[in-house]
Amino acid sequence: MALDGIRMPDGCYADGTWELKMHVTDLHRDVSLRVTGEIHIGGVMLKLVEKLDVKKDWSDHALWWEKKKTWLLKTHWTLDKYGIQADARLLFTPQHKLLRLQLPNMKHMKVKVNFSDRVFKAVSDICKTFNIRHPEELSLLRKPRDPKKKKKKLEEAEEDSLELEGPLLTPGSGSVYSSPGLYSKTMTPTYDSRDGSPLSPTSAWFGDSPLSEGNPGILAVSQSIASPDILVKLYKPQSLLDKAKINQGWLDSSRSLMEQDVKENDVLLLRFKYHSFFDLNPKYDAIRVNQLYEQAKWAILLEEIECTEEEMMMFAALQYHINKLSGMSSDNHMNNSEKEVDEVDAALSDLEITLEGGKTSSTLGDITSIPELADYVKVFKPKKLTLKGYKQYWCTFKDITISCYKSKEEALGTPAHQMNLRGCEVTPDVNISGQKFNIKLLIPVADGMNEIWLRCDTEKQYAHWMAACRLASKGKTMADSSYNLEVQNILSFLKMQHMNPDPQFIEPITTDINPECLVSPRYLKKYKNKQPGYVRDLISARILEAHQNVAQMSLIEAKMRFIQAWQSLPEFGITHFLAKFQGGKKEELIGITYNRLIRMDAHTGDAIKTWRFSNMKQWNVNWEIKMVTVEFADEPSLSFICAEVDCKVVHEFIGGYIFLSTRAKDQNESLDEEMFYKLTSGWV
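Keep in mind the model is a prediction, meaning the values are calculated, not measured.

Visitor: Any chance you could explain the environment of tryptophan 64 here in plain terms?
Guide: Topologically, tryptophan 64 is positioned in strand β3 (residues 61-65). Note on tryptophan 64: relative accessible area 5%, which makes it buried. Measuring from C-alpha to C-alpha, the distance between tryptophan 64 and histidine 23 comes to 9.8 Å, with 41 residues separating the pair along the chain. Ignoring anything within four residues of it in the chain, the contact list for tryptophan 64 reads Lys69, Thr70, Trp71, Arg89, Leu90, Leu91, Thr93, Met258 and Glu259.

Visitor: Is there a simple way to explain unusual backbone geometry in this structure?
Guide: Phi angles above zero are rare outside glycine, and aspartate 261 is one such case at about 65°. Considering the arrangement of structural elements, one finds aspartate 261 in the loop between α8 (240-246) and β9 (267-272). Residue class for aspartate 261 comes out partly exposed when judged on its relative accessible area of 39%. Residue glutamate 644 is not a glycine yet carries a positive backbone phi of 65°. Mapped onto the fold, glutamate 644 is located in the loop between β23 (638-642) and α17 (647-660).

Visitor: Explain the packing of aromatic side chains to me, please; I cannot follow it from the model alone.
Guide: The geometry of an aromatic ring pair is captured by the separation of the ring centres together with the interplanar angle, meaning the angle of the planes. Scanning the entire structure with this criterion turns up 24 aromatic pairs. Judged by centre distance (5.7 Å) and plane angle (55°), the ring pair of phenylalanine 397 and tryptophan 465 falls under tilted. Placement of the pair is phenylalanine 397 in strand β11 (residues 391-398) and tryptophan 465 in helix α12 (residues 459-473), with a sequence separation of 68 residues. This pair shows no difference in class: phenylalanine 397 is buried, exactly as tryptophan 465 is. Look at tryptophan 611 and phenylalanine 632: their rings are 6.3 Å apart centre to centre, the planes differ by 20°, and that puts the pair in the stacked class. With tryptophan 611 in strand β20 (residues 607-612) and phenylalanine 632 in strand β22 (residues 627-632), this residue pair connects regions lying 21 residues apart in the sequence. The exposure class of tryptophan 611 is buried, given its relative accessible area of 7%. The class of phenylalanine 632 is buried, set by a relative accessible area of 5%. Among the aromatic residues, those joined into a ring-pair cluster are Trp250, Tyr274, Phe577, Phe653 and Tyr657. Between the NZ or CZ atom of lysine 273 and the centre of the ring of phenylalanine 653, over which it lies, the distance is 4.8 Å.

Conventions used here
- Residues numbered from 1 in each chain as written.
- Predicted model: local features only at pLDDT ≥ 70, side-chain atom pairs only at ≥ 80, totals over all residues.
- Heavy atoms only, no water.
- Helix = DSSP H or I, 4+ residues; strand = E, 2+ residues; numbered from the N terminus.
- Buried < 20%, exposed > 50% of the residue type's maximum accessible area, 1.4 Å probe, protein only.
- Contact = heavy atoms within 4.5 Å.
- Phe/Tyr/Trp six-rings, centres within 6.5 Å; stacked < 30°, edge-to-face > 60°.
- Lys NZ or Arg CZ within 6 Å of the ring centre and 35° of its normal.

Structure, rendered in structure tokens:
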């Protein structure tokens, strides 16, 4: 043992041991241990705790290798197997650390999160604590920076106006469900389907979660915006390129928070990342519905998604209605008769939102033939340097094909035009007051997209043709069970935008309506030359007029209608990224939705080409040059290089939507995390 203390030139001791330097974050102490490469990680931690000689629960602590940004969680691995040598510096630190989460409703909560878990697992635990089912739809996003404002001033302004700390939460400490991702036909309703209030005390609402001791209203109850100054201070993307930059901030779901340089007490945004909302049911999802409503509300107010003036008034009216009902005592909603409850439940069961549509409560008769549409429709094919307008044709809609004839009498002959709508882009262009009911179709062809416009004469005609076009774009016919529901949804969406109800039922404008908090700043700028009082009264009058279309809705129904209307907007669910396509000379946008990829003009947002996931064979990533290649069954492959964003983020969106498409209501198993990682992780 005489050689123990003799140190060799390489830093090792003569007996083969060497010094491992560690820092204990809780105690702010540096500690050195004499070790060999054959000692396992568990043994290192045991020796460290013995040397510290501090009575403390160290069970949550683990070793973090700073240089390699790696947690040493495999305690049976040796230092040699990890490749740790004398030049390494390890941190002995708790795995659970404080994180400040900004929820979709813009409120902040302190949460203790496992910084060593993959983000997918961490989000699942957070959602379990918050009683949000289907956590696979959410993820964590870094806070976007407004380049026009100084960093410190921006953060201070936002924190002052929006800060609302909830109780300290530790995910995994208990919840109503064993897993928020489960679906069970025997689940017991947890919330009242009219106002979202718990059917039992909050201890049952949140189980053993710390939320039962705090204020659950921050999650399930919508709170009105206190001041229009909040809207002015918050960052608003000015272009599609700005939106693409926000999407650079999504965290990698297959890596831990520490691996992605997230520090304790950092602020991250909890958001619905994938716009595919599965089995949204008011009886179990009051918090999920409210947070979805809040995310939709802020997206519209911060101009993250475009909408028409009439749609803005409809959204404002729904907001106003929801704010009114949220401010009332829940007792006011408990005095309805059982008959009214049954009617609301029946209506809401037909309103449950799935992007593919769902079966309504009415039973369908035997379908012996596929329904068809046949009517006079005006058709317009835009061309450069043309002044020609719409031309009327007798159009038939069979299966997924529209055939245009010069007259009804020629319908048995050869059509003048024929359009197969599979894989097309369908965009509404509607103005209720102007009686304009247009449908814009971008139909895939070999060299891009053909643009066709259809003009309908009435709301009813528009609803039927629009619903048929949307289904045909997915390869579905009008025989699909979701067709009638889609027609009804479109009609109700149009009805909510009507602005001429009976004036005797309109509330007086003296109501404290705060219109500046209900519409986006861009809309207010239209009246910048008018007196503020006049503008306030004018917008208030329009909101109250639109409110008559929604005034009879229950609280939860109004939120569901708001979400549904949000889903009906042309830009809904498109996540933009800046990309350079193979063969292209300039940077463009790649848009990713729940069922397709879209090549888009970076300045106008116009679709250049669309590819459906249903036609996709496989996709690969060349990690060195950041190139994503997608192969299709009957089309040339698509290749693009990700600009200003890690291609892992784009890869994860594609794989994530493929993963979500495999969900089914009859699945009683928990989430298949490994399948998610296989589809989204990739490899370096």
